[in-house]
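# Coordinate analysis (summary)
Each chain, letter by letter, is given below.
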Amino acid sequence: TVWIEFMEVPPSLEPYRLLRFKARAPKGQAQEVCIRFDNAEDAYLQAYLPPLHKKGKWTEVEIPLPSMSRTGDPAPDSGLVLSLIQFGSKGCRLELDDIQLVRGANGWAQTKEEHLASLFGEKRVKKVKEIETDHFRIYTDSSGARTKFPRALEKAYVFVRKALDLPEMENPLDVFIFQNSELYFDFCMRNGWTREEAVESAGHAWSGYFATYYQAPNSPVVTHELTHSLVHRTWGNGGGSWYQEGTAVCVEERWQKRDAATLFASRLRSGETMPLAEFMQKKRLIRSDDVRGGAGTAGALYDQAGAFFEFLMRGPFAERRPNAIRELAKVDWDADTIVERVERIYGTTLLEIETAWKEWGSDPPKLPR
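About the cut-offs
- Residues numbered from 1 in each chain as written.
- Predicted model: local features only at pLDDT ≥ 70, side-chain atom pairs only at ≥ 80, totals over all residues.
- Heavy atoms only, no water.
- Helix = DSSP H or I, 4+ residues; strand = E, 2+ residues; numbered from the N terminus.
- Buried < 20%, exposed > 50% of the residue type's maximum accessible area, 1.4 Å probe, protein only.
- Contact = heavy atoms within 4.5 Å.
- Areas by Shrake-Rupley, 256 points an atom, 1.4 Å probe, with all protein chains shown as cover.
- Lys, Arg positive; Asp, Glu negative; His and termini not counted.
- Charge placed at Lys NZ, Arg CZ, Asp CG, Glu CD.
- 1 Å grid on protein atoms, 1.4 Å probe; cavity = no way out; pocket = protein on both sides within 12 Å on 5 of 7 lines; lining within 4 Å.
- Points joined across faces, edges and corners; volume = space filled by probe spheres on them.
- Nonpolar A, V, L, I, M, F, W, Y, C, P; charged D, E, K, R; others polar.
- Salt bridge = Lys/Arg side-chain N within 4 Å of Asp/Glu carboxyl O.
- Axes fitted to C-alpha atoms, helices over the stretch in contact; angles between N-to-C directions.
- Parallel < 35°, antiparallel > 145°, perpendicular 65-115°, else oblique.
- Left-handed = near helix turned anticlockwise from the far one by under 90°.
- Polar contact = N/O pair within 3.5 Å; in protein donor to acceptor, adjacent residues only side chain to side chain.
- Arc of directions from axis to C-beta.

Across its full length, the protein carries 13 helices and 13 strands. Overall, the C-alpha framework of the protein stretches about 65 × 50 × 40 Å when taken along its three principal axes. A burial count over the protein gives 51% of its 369 residues as buried. Pairs at least 24 residues apart make up 71% of the contacts formed inside the protein by residues separated by at least 6 positions. As presented, the protein carries roughly 18,600 Å² of accessible surface, and 48% of it is formed by carbon and sulfur atoms. Charge-centre separation for the protein: the mean point of 49 positive side chains lies 4 Å from the mean point of 53 negative side chains.

Structural data, given as structure tokens:
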């Protein structure tokens, strides 16, 4: 991954409507490039570079600022820096020229209709209803989500906070609930995902919002994604995929009156697990695929994440290192250093942690009710 920052950004983005530039990949390589205006407070605007000319010729690119997805609460005058993040950059070359911000009517701000169109598509804007609750701004084009869902979401909020002992949110969280899975996939693809990536996901979450499609008022998917957003907002978005998915799976299972550790116990007893060092080095559990099945598949790794997080919550290290779980959320994940940083936080080796987990998790105590 290559991260480049352009420092000479105007002190306020408020009057600007477009980011315009020319780009080319001389050898015609496929690029996965994120364009972002961000600051140090984890608040940013983001869009992905559209496909470039396949023959390496210059492509004129225009990105409307109002259409960029927003995470957190970026203010136009908060010192936002223009960043370019190129993923999978080994052997690739990307050239940019004539980068400029263009003023326009309404500036960087979206009209309400533009905002809803960016979420649900222009054809469905009139079907979208906005519902405000104590802690959420719900946007949905599903008639089924308009009645019981808002109350169920507030109930889930209380449940997640209690399960993890999280503080209150300071600002309302945006929630996007689509009528069906295809409309959710369309939303993901409007925000730079591939079709394959969208279909892999039943929902996704950041500190600024979570999105999924409507299934039922008390859907465990909603609790899973809500947990992600609340952890990101209050503890942090670090630790790595094993940690972030571990929190969400653990709470999702509790929401269904189940215990992730108990559900996973038989696999621990039979040795159907991925070693913790390898497990923690996985960049994204959801993208894992083991052609032989078993411990290396995404589903099994999610189960392992939930069970291991339950161990960290209730096992012997919960009392020895009571603040460790919160500290992990602030760790910038890196495959080469994550094990060392976990060991530093817990004050012991990963081998000792793994040994204790296998002993505790093979026959975990019942989850207190």
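Here we come to empty space enclosed by the protein. Tallying each qualifying case throughout the model produces one cavity of 30 Å³ or more. Taken as a whole, the largest cavity spans an internal volume of roughly 50 Å³. Looking at the largest cavity, the residues that line it are Phe6, Leu19, Phe21, Ile35, Leu82, Ser83, Leu84, Leu96 and Ile99. Those elements that provide at least two residues to the lining of the largest cavity are strand S2 (16–24), strand S7 (81–87) and strand S8 (95–103). Here the lining of the largest cavity takes three residues from S7, the largest share from any one element. In terms of residue class, the lining of the largest cavity is made up of eight nonpolar, one polar and no charged.

As a further point, take the pattern of salt bridges. Note that side chains of opposite charge can pair when their charged atoms are close. Going through the model one piece at a time under the given rule, you end up with 17 salt bridges. Of the charged contacts in the structure, one is a salt bridge between Glu168 and Arg161, with a shortest N-O distance of 3.4 Å. Judged by relative accessible area, Arg161 falls into the partly exposed class, the value being 23%. Glu352 is the partner of Arg320 in a salt bridge, and the nearest nitrogen-oxygen pair spans 3.5 Å. One end of the pair, Arg320, is in helix H10 (residues 317–320); the other, Glu352, is in helix H13 (residues 350–361), and 32 residues separate them in sequence. Judged by its relative accessible area of 48%, Arg320 falls in the partly exposed class. Judged by its relative accessible area of 35%, Glu352 falls in the partly exposed class.

Moving on to the packing of helix H7 (residues 260–270) against helix H9 (residues 298–314). Two packed helices can be described by the angle between their axes and the distance between those axes. Remark: H7 packs on H9, axes separated minimally by 8 Å, with the N-to-C direction vectors making an angle of 120°. Considering their axes alone, H7 and H9 lie oblique with respect to each other. Like other packed secondary-structure pairs, H7 and H9 cross with a definite hand, here left-handed. Side by side, H7 and H9 meet where Ala260, Ala261, Phe264 and Arg267 of the first sit next to Ala300, Asp303, Gln304, Gly306, Ala307, Glu310 and Arg314 of the second. Its residues assigned to classes, the contact of H7 with H9 shows five nonpolar, two polar and four charged.

Quick look at the environment of Asp38 now. The residue Asp38 is located in strand S3 (residues 32–38) in this model. For Asp38, a relative accessible area of 10% gives the class buried. The residues touching Asp38, leaving out its near neighbours within four places in the chain, are Trp3, Ala43, Tyr44, Gly79, Leu80, Val81 and Ser83. Of note is the side chain of Asp38, whose polar atom sits 3.2 Å from the side chain of Ser83.

Glancing now at the layout of surface pockets. Here the second largest pocket is characterised by a volume of approximately 340 Å³. Contributing to the lining of the second largest pocket are Lys155, Phe159, Lys162, Ala163, Arg254, Trp255, Lys257, Leu367, Pro368 and Arg369. Mapped by element, the contributors of at least two residues to the lining of the second largest pocket are helix H2 (149–164) and helix H6 (241–255). In terms of residues, the lining of the second largest pocket owes the most to one element, H2, which gives four residues. Here the residues of the lining of the second largest pocket sort into five nonpolar, no polar and five charged.

Attention now goes to helix H12 (residues 338–346). Within H12, the full set of buried residues consists of Ile338, Val339, Val342, Ile345 and Tyr346. Projected onto a plane normal to the axis of H12, the buried residues spread over an arc of 125° and lie on a single side. At its buried positions, H12 is contacted by H6, helix H8 (276–280), H9, H10, helix H11 (324–328) and H13. Positive phi shows up at Gly347, right after H12, with a value of about 70°.

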